[in-house]
Amino acid sequence: MALLNSKVALFIPCYTEQFFPETGMALVRLLKYFSVAPIYVSSQSCCGQPAFNSGQGRLAKPLAERFLRLFESYDWIVAPSGSCVSMVRNLYGELGLSPQALRQWELVRDRIYEGTQFIYHQLGIHAIEGRFPGKVALHESCHGKRELGIEHEPRSLLSSITDLELVVPPDAGECCGFGGTFSVKFPELSAAIGLKKLASAISCGAEIITAVDDSCLMHLQGLAQRQRLNIRTMHALVIMSKALGLE
Amino acid sequence: MSGRSVVLLAIQRALQEEPNSLPKETHTGYDRKPQPDLTGTDDILRRFSERLTMVGGETHVLSGDEAVNCILRELIVEFKDQIVLLPADPELERLGIPRLMNEVAVNRIQPESSSLSLAAEAAMGITTAQAGIADTGTIVLIHSSERGRLSALLAPVHVALLKKEMIFPDKITFLAKAQQAGLDYSATSQTWVTGPSLTADIEKVLVRGAHGPRRVIVLIYSTDQG
Amino acid sequence: METTTQTLKANIRSALNNDRLQAAVLKATNHSLAKRAEVVAELPNWEAMRSEAALRRDRTLTRLDDTLLELEKNATAKGIQVHWVADGEEANQIIGQICREAVSGSETTSTKGEVVKPLIAKSKSMTTEEIGLTPFLESLGFEVVETDLGEYIVQIAGQAPSHITAPALHLSRQDVGRIFVEKLGVEYREDPVELINIARGILRQKFLSAQVGITGCNFAVAETGTPLIVENEGNGRLVSAIPRVQIAVMGIEKVVATLDDLMLLLELLPRSATGQRITGSVIFFNRPSSSRESDGPRELHLVILDNGRTKALADPKLRAVLRCIRCGACLNACPIYRTTGGHAYGWTYPGPIGAVLAPVFLGLEKAKDLPFASTLCGRCSEICPVKIDLHHMLLHLRQEIVAACPQPILEKVMWQTWETVMDHPALNQALAAIPRFLLHEVLRSHWSPKLPLWGRDRSSPNLAKESFAQMFKREFGEHK
C-alpha cells in the first residue's frame, strides 16, 4: 500500500477527547486494521471552530496557527469529524493568519481528511467485511455533506456490513439543529429541530442514528435520553470498528 | 445634493473601495439554449400545447379563417346575451369576429370606449396574441391603442388568437427573432401570459382564477392570406 | 426594528409554542421544496445556470453605476420618470408627492357626502414593506390596499408578510377563515376556493377605483430601459392597467444589464420561488401609455432605492448578497425558518437572506442577534439560485458583530479562558491531572441535569472516565 511509508497523524477534536474517546479509538483501530500506524500528537488541542463560529475569530487564530505548526510535517491528518476538517480546510483562510501559517495551510488543507473519506479514498477501502446487526439511520452531517462533499463514503462503507440495514430518511441531509454555540444560545429551537430529526429516524424503524460527527450525535443523544426516545446514537467509525470486532 | 447624486456617489465610492471581486475563471459551462431539441414546427406546436395544458390553459390548432370562425362561434354561443370584450384590433376585424358576434347576439363591448364598470361585467374577452413561447406555453400580448390590456384581463374567460408562425421555441429565440418578425420588443409595454391566473396563498392550495381569467383558451391558426 | 436578544428569544419561544403555526410553515415549505425539485430536475444544466447567473450578477454589480445610468437614460427616453432615493424616508416623500399630485382635483366626497379617501392599489413588493410605505401613505390620508391575496390577508389581519414570496404562509385555512369573520364580517368558512372568492370580490372593486398603482420591480433591464414584474394572480396586471399613474419601486441591485441576462434569471426565479417554469404573467413596463391608449399608466414612475445596499456593495465579503433575486428558496430550506416561520425574525426579510441583510441595512448593533440564530448548516447557500454564500456571510457577520458591539462580560471571560487553556498544553494537562473518575461522577450526578446552557430538553453528555489521550497511552503506550 502506497501509504505504508507515510506519516499519518490523528486529529482528535476537543469534545471527542473529553466526551467520546471511543470514537477516536475506533478510528485508531480501523487505521491499524488497514495497516496504517497513526501518530498521536499529544500537544494538540482545538481547531478553533467553536470560537470562530461564535464570532471570536481573534481567539481562533492562535489556535489555528498552533494547529498548522503541529501538523505541517505530516503526510496525512485524519480526524473523526467532518466539521473540524471543514474548519481547517475551508475556513482557516478567513482568520487573517500570519504569512508563515498561510504557507503551512496551503500544505495542510489538502492533507486533512475526515475518517470515512480517508478510509474510502486514500486507503481504497469501499466495503467493511464485518458484521453488525441492526437498523441504522444515516444523518448526513451538514459540514461533511456540504463543505466536504461526503456522501457515498459512509453509505458505501456502512451498507457493506453484514446484517446492518442502512436507512436514509428523507431528511437525512437536513440539519440536526446542533450548530455549535447555536445550541446554547437557542436551546429550545435547537431541541425542536433535533426532535424532528429523531422522529423521522424512528419512523423509519431505526434503532441507531449514525453520522460522521459526534457533535451532532451528542445533541441528538442528549435529546433522545431526556425525552426517553427509543433510539441511540453511534458514530459511523464506531459501528465499523465494532463490525470488525476491533475492541 | 439631489437623491440621484447621493446614490450615485455612494455606489461609486463603494466600487472604488472594492473595485473588482470577479473571479478570473469565467467559464461556467452554461449553454443558453434550454431546449435544443425543438426544431420543426410540429415539435414547437406540440410543446406549446403540452406546456400550456400543464398549467391549466387550453389550445386548439386551426387551419384557415373558416376554422377559426367555426370554433369561435361554438365558444361565443355559450355567452349569448352576456358581455364579451373585443378590442378594435384590425386582425380581429379581418377574421370577421365582430360580424360573428352580432350573429350570435352577444353584447359586444370595446373596453377602449366603454365604462370600466361595464367592461368589468364581461364574461369573456377575445384578443390576438402577438407571439407564443413554446417552452413555457406563454402568449405575448403587446399593448397598443388597438390592443389594450383589459380585454385579456377583466373577464373570467380569455380567448387569444395566435398565428402559428409566431410561436417561438423559447424565450431567447423569441427575443432574438422578434425584431425581424416585426415585433419591436422595447417600443411598447407587453405582458407574457402563461395560463389562467392563479394563487396558492392559502395553504399552498392551487386555486385557478385569481384576479385575472380563470380560463385561457389559445386558438392557434394559420391564415388564408398565406 | 431592533432584534434584541430578548425579543428574538421571545419570538422564537412563541413560535415554538404555536403548533398550528409550525404545522402550517412546515407543510408549506415542504410543498415549495418539492415543487422546486421537480422543475429543477428537468434542467440538466441547472448548476451551470446558477454559476452563470452568479457571474452575470457580479459583473453588473462591479459596474452598477454605469448600468443604472444606462437604465435611467433608456427609460427616460421613453417617458418613464426616474427618481433616485438614498433611503426609505426619501422614497416615501417622493412617492407621497406623486400620489398627491395624481389625485389632486379628483372627487373626495361620495354621493352621500362622506369623505372618500383616494385609493392606492399595491401589488406585492417587499421593497415597499422594507421602507414602510403603506403606513406612510395612510398617514397622508390615502386608502392603501394590498392586492396580492396573501398580502391582503395579512394586511387585514394587521400582520406583516412572513415570507418573501408567500406572505400568508404561516396561516392555516382556519386562521384565514377566522380573520375573514373578524375583519370582513362574513360567515365562517375554510374552503380556500370560497375564501379566495370573497377576497377577489372585494379587491375587484378596489382595482376599478384605484387612482394610483404601486408595484415592486423584480428586474429592470438597462439596455432597453424596462422595469418588469413577475406575478401569478393577475393583480400586477390590473394594478398596471387601470390606474393612470403607476409607481414601480426597485432597489439599486434589481438592475440587469441585458435582456439575455434577464432570460437567464427568468429561468431561475420562478423555479426557485414557486416551482414554476414561468410565472402566470411577466409584465414589462416599457413606457407610459400614449394618449391614444385607453388603459395602462399615462404616468410611469421608477423609484430607485439605496437604503443601505451600497454598504453591502462596499464590503468584499458581502457584496454578493446583492445578487439576490428574492426567490425565498433559502427560507424554505432553512431549518430555523422551517421551525419558527418568518415573524420570529422580527424584520421585513426573514430567513437566511434576512439575517444577512438586517445587519447590513439596519447596522450591526440593531440586528446583532440575527446572524447568530443559525446553525450554519449551509442549506441556504446550497439552494440559492445565484449562489450567494449565505451561511459564510453569517459567519463573517458574527466576527464583525463581536468586534463592533459590546459583549456580555461573562461570555468574554469564558472565551478568553477557553482560548488560554486550549493554547497551553501544559495547562491542559494539569487540568487533566484532576482525577477524572471523580469529576465524571460529580458531573453526572450534579452538573448534567442542571446545566442551564444546554437547556431543559437535552441530557448533557457525560465526561468520559478516561480522555482519549489517557486511553491511547494505556493501549498503545506511544505518544509524540
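Just so it is clear, the model here is predicted, and its values are computed rather than measured.

About the criteria used
Residue indices follow the written sequence of each chain, beginning from 1 at its first position. Here chains are named by letter from A upward and ligands by number from 1 upward, in the order in which they appear as written. Where local features are concerned, this predicted model is filtered to residues with pLDDT of at least 70; where side-chain atom pairs are given and counted, the filter is 80 or more; whole-chain, interface and lining totals use all residues. Heavy atoms from the whole structure form the basis of all side-chain values; hydrogens and water molecules are not counted. Strands here mean DSSP runs of E at least two residues long; helices mean DSSP runs of H or I at least four residues long; both are numbered from the N terminus. To sort residues, take the accessible area from a 1.4 Å probe on protein chains only and compare it with the maximum for the residue type: under 20% means buried, over 50% means exposed, and anything in between is partly exposed. Between two residues, a contact is recorded if the distance between any of their heavy atoms is within 4.5 Å. Surface accessibility in these figures is a Shrake-Rupley result with a 1.4 Å probe; residues are shielded only by whichever protein chains are displayed. Note on charges: Lys and Arg go in the positive column, Asp and Glu in the negative column, and His and the chain ends are not counted at all. The atoms used to mark charge sites are NZ of Lys, CZ of Arg, CG of Asp and CD of Glu. Note on definitions: buried area is the accessible-area loss of two parts on being combined, 1.4 Å probe, summed for both. In the sections that follow, a salt bridge refers to a side-chain nitrogen of Lys or Arg positioned within 4 Å of a carboxyl oxygen of Asp or Glu. Definition of a polar contact: a pair of N or O atoms within 3.5 Å, with one able to donate and the other able to accept a hydrogen when the atoms are protein atoms, and with sequence-neighbouring residues admitted only if both atoms are side-chain atoms. Asp, Glu, Lys and Arg are counted as charged, while Ala, Val, Leu, Ile, Met, Phe, Trp, Tyr, Cys and Pro are counted as nonpolar; the rest, among them Gly, fall into the polar class. One requirement defines pairing of two strands: DSSP has to find at least two bridges between them. Angular values range over 0 to 180 degrees, each being the angle between N-to-C directions of two axes fitted as lines to C-alpha atoms, with helices fitted over their stretch in contact. Side-chain rings of Phe, Tyr and Trp (the six-membered ring for Trp) are treated as a pair once their centres are within 6.5 Å; stacked means planes under 30 degrees apart, edge-to-face means over 60, and tilted covers the remaining angles. For this classification, under 35 degrees means roughly parallel, over 145 means roughly antiparallel, 65 to 115 means roughly perpendicular, and everything else is oblique. As used in this record, nonpolar core signifies buried Ala, Val, Leu, Ile, Met, Phe, Trp, Tyr and Cys residues forming a set joined through side-chain atoms within 4.5 Å. pLDDT expresses how confident the predictor is about each individual residue, on a scale running from 0 to 100.

**Brief notes about the overall build of chain C**
Item 1. Along the backbone of chain C there are 22 helices and ten strands.
Item 2. Along the three orthogonal principal directions, the C-alpha set of chain C runs to about 95 × 55 × 45 Å.
Item 3. Going through the 480 residues of chain C one by one, you find that 63% of them count as buried.
Item 4. By sequence separation, contacts in chain C at least 24 residues apart represent 73% of the contacts at least 6 residues apart.
Item 5. Element-wise, carbon and sulfur atoms account for 55% of the exposed surface of chain C, whose accessible area totals about 17,600 Å².
Item 6. Charge centroids of chain C, computed over 55 positive and 55 negative side chains, lie 4 Å from each other.

**A word on the overall build of chain B**
Item 1. For chain B, the count of helices and strands is seven helices and twelve strands.
Item 2. By its C-alpha atoms, chain B is 70 × 50 × 40 Å across when sized along the principal axes.
Item 3. Across chain B, the fraction of contacts at a sequence separation of at least 24, relative to all contacts at a separation of at least 6, is 75%.
Item 4. Accessible surface computed for chain B: about 9,400 Å², of which carbon and sulfur atoms make up 49%.

**Looking at the interface of chain B and chain C**
When the parts of a complex come together, some accessible area is lost, and that lost area is often taken as the interface size.
Item 1. Across the boundary between the two partners, chain B contributes 70 residues, which contact 93 residues of chain C.
Item 2. Summing both partners gives a buried area of about 6,900 Å² for chain B against chain C, and 61% of it is carried by carbon and sulfur.
Item 3. A per-residue breakdown of the area chain B buries against chain C is headed by Ile202, Lys204 and His211 of chain B, which together make up 12% of the total.
Item 4. Counting every contact that joins chain B to chain C gives six salt bridges.
Item 5. Note that Glu203 of chain B is salt-bridged to Arg173 of chain C, the shortest N-O span being 3.0 Å.
Item 6. One can count 29 residue pairs in polar contact (both at pLDDT 80 or more) joining chain B with chain C.
Item 7. Broken down by element, the side of chain B that touches chain C gets its largest block of residues, eleven residues, from helix H1 (residues 3-17) of chain B.
Item 8. The residue makeup of the side of chain B that touches chain C, split by class, is 32 nonpolar, 24 polar and 14 charged.
Item 9. Relative to strand E9 (residues 281-284) of chain C, strand E9 (residues 190-193) of chain B is paired through four bridges, and the arrangement is antiparallel.

**Some details on the sheet that holds strand E8 (residues 255-256) of chain C**
Hydrogen bonds between backbone atoms are what pair the strands of a sheet, whose relative direction is either parallel or antiparallel.
Item 1. Ordered by their spatial adjacency, eight strands build an open sheet running E8(B)-E5(B)-E6(B)-E9(B)-E9(C)-E6(C)-E5(C)-E8(C), and the pairing between neighbours is mixed. This sheet does not close on itself; its edge strands, each paired only once, are strand E8 (167-168) of chain B together with E8 of chain C.
Item 2. One ladder, built from two bridges, connects strand E5 (residues 219-221) of chain C with E8 of chain C; its direction is parallel. Bridge pairing links Ala220 of chain C to Val255 of chain C in E8 of chain C.
Item 3. Sheet strands touched by helix H7 (residues 171-178) of chain B: strand E5 (131-133), strand E6 (138-142), E8 and E9 of chain B. Its angle to E9 of chain B, the strand with the most contacts, is close to 150 degrees.

**Some thoughts on the interface of chain C and chain A**
Item 1. With 62 residues of chain C at the contact, the number on the chain A side is 70 residues.
Item 2. Inspection of the chain C/chain A interface yields 27 residue pairs in polar contact (both at pLDDT 80 or more).
Item 3. Among the secondary structure elements, those contributing two or more residues to the side of chain C that touches chain A are helix H1 (5-16), helix H15 (335-340), helix H17 (379-383), helix H18 (390-404), helix H19 (409-423), helix H20 (425-432) and helix H22 (468-476) of chain C.
Item 4. The element best represented in the side of chain C that touches chain A is H19 of chain C, accounting for seven residues.
Item 5. Here the residues of the side of chain C that touches chain A sort into 27 nonpolar, 17 polar and 18 charged.

**Quick look at the packing of aromatic side chains**
Item 1. The final tally for this structure, using the stated rule, is 21 aromatic pairs over all chains.
Item 2. Considering the side-chain rings of Phe174 of chain B and Trp192 of chain B, the 5.7 Å spacing of their centres and the 80 degrees angle between planes classify their relative orientation as edge-to-face. Here the residue Phe174 of chain B occupies a position in helix H7, and Trp192 of chain B occupies one in strand E9, the gap between them amounting to 18 residues.
Item 3. On the basis of relative accessible area, Phe174 of chain B is assigned to the buried category, the value being 1%.
Item 4. Ring geometry for Phe468 of chain C and Phe472 of chain C: centres 5.7 Å apart, planes at 40 degrees, overall tilted.

**Brief notes about unusual backbone geometry**
All names here are of chain B.
Item 1. One non-glycine residue, Ala105, lies in the positive phi region at around 65 degrees.
Item 2. Tracing the backbone shows Ala105 in the loop between helix H5 (97-104) and strand E3 (107-109).
Item 3. By relative accessible area, Ala105 is classed as partly exposed at 33%.
Item 4. Phi is positive for Glu203, which is not a glycine, with a value near 50 degrees.
Item 5. Take Glu203: it is sitting in the loop between strand E10 (198-199) and strand E11 (207-208).

**As for the packing of helix H7 (residues 115-122) of chain A against helix H13 (residues 236-243) of chain A**
Residue and element names in this part refer to chain A.
Item 1. H13 packs onto H7 with a crossing angle of 55 degrees between their chain directions and a minimal axis gap of 9 Å. The angle between H7 and H13 places the two elements in the oblique class. Along the contact surface, H7 presents Gly115, Thr116 and Ile119, while H13 presents Ala236, Leu237 and Met240.
Item 2. In terms of residue class, the contact of H7 with H13 is built from four nonpolar, two polar and no charged.

**Brief notes about the sheet that holds strand E2 (residues 119-122) of chain C**
All names here are of chain C.
Item 1. Read across the sheet, six strands follow the order E1-E10-E7-E4-E2-E3 without closing on themselves; strand pairing throughout is parallel. Of all the strands in the sheet, just strand E1 (81-85) and strand E3 (143-146) have a single pairing partner and so form its edges. Averaged over all pairs of adjacent strands, the angle between their axes in this sheet comes to 20 degrees, without regard to strand direction.
Item 2. Sheet topology places E2 next to E3; four bridges connect them, and they run parallel.

**Concerning the side chain of Thr181 of chain A**
Item 1. Inspection of the secondary structure puts Thr181 of chain A in the loop between strand E6 (162-167) and helix H10 (182-185).
Item 2. Residues in contact with Thr181 of chain A, not counting those within four places in the same chain, are Asn53 and Ser54 of chain A together with Trp415 of chain C.

**Digging into the pairing of strand E10 (residues 299-305) of chain C**
All names here are of chain C.
Item 1. The buried fraction of E10 is high, at six of seven residues.
Item 2. Where E1 lies against E10, five bridges are found, and the strand directions are parallel. The partner of Trp84 across the bridge, within E10, is Ile304.
Item 3. As paired elements, strand E7 (residues 245-251) and E10 share seven bridges and run parallel to each other. By the bridge assignment for E10, Ala248 is matched with Leu302.

**Here we look at the side chain of His219 of chain A**
Item 1. Structurally, the position occupied by His219 of chain A is in helix H12 (residues 214-226).
Item 2. You can call His219 of chain A buried: its relative accessible area is 0%.
Item 3. Those residues in contact with His219 of chain A that lie beyond four places of it in its chain are Cys176, Gly177, Phe178, Ser190, Ala191 and Gly194 of chain A together with Trp454 and Arg458 of chain C.

**Some thoughts on the nonpolar core**
Item 1. Membership of the largest hydrophobic core comes to 224 residues, with the highest contact counts inside it found for Tyr92 of chain A, Phe174 and Trp192 of chain B together with Leu68 and Leu262 of chain C.
Item 2. Top element by residues in this core is helix H12 (residues 259-274) of chain C. It accounts for nine residues.
Item 3. Each residue touching Leu262 of chain C, except ones within four places of it in the same chain, is listed here: Phe219, Val221, Leu228, Val256 and Phe284 of chain C.

**Overview of the confidence of the model for chain B**
Item 1. Residues at a pLDDT of 70 or more form 92% of chain B, whose mean pLDDT is 90.
Item 2. Within chain B, strand E7 (residues 157-163) of chain B carries the highest mean pLDDT (98), whereas H7 of chain B carries the lowest (88).

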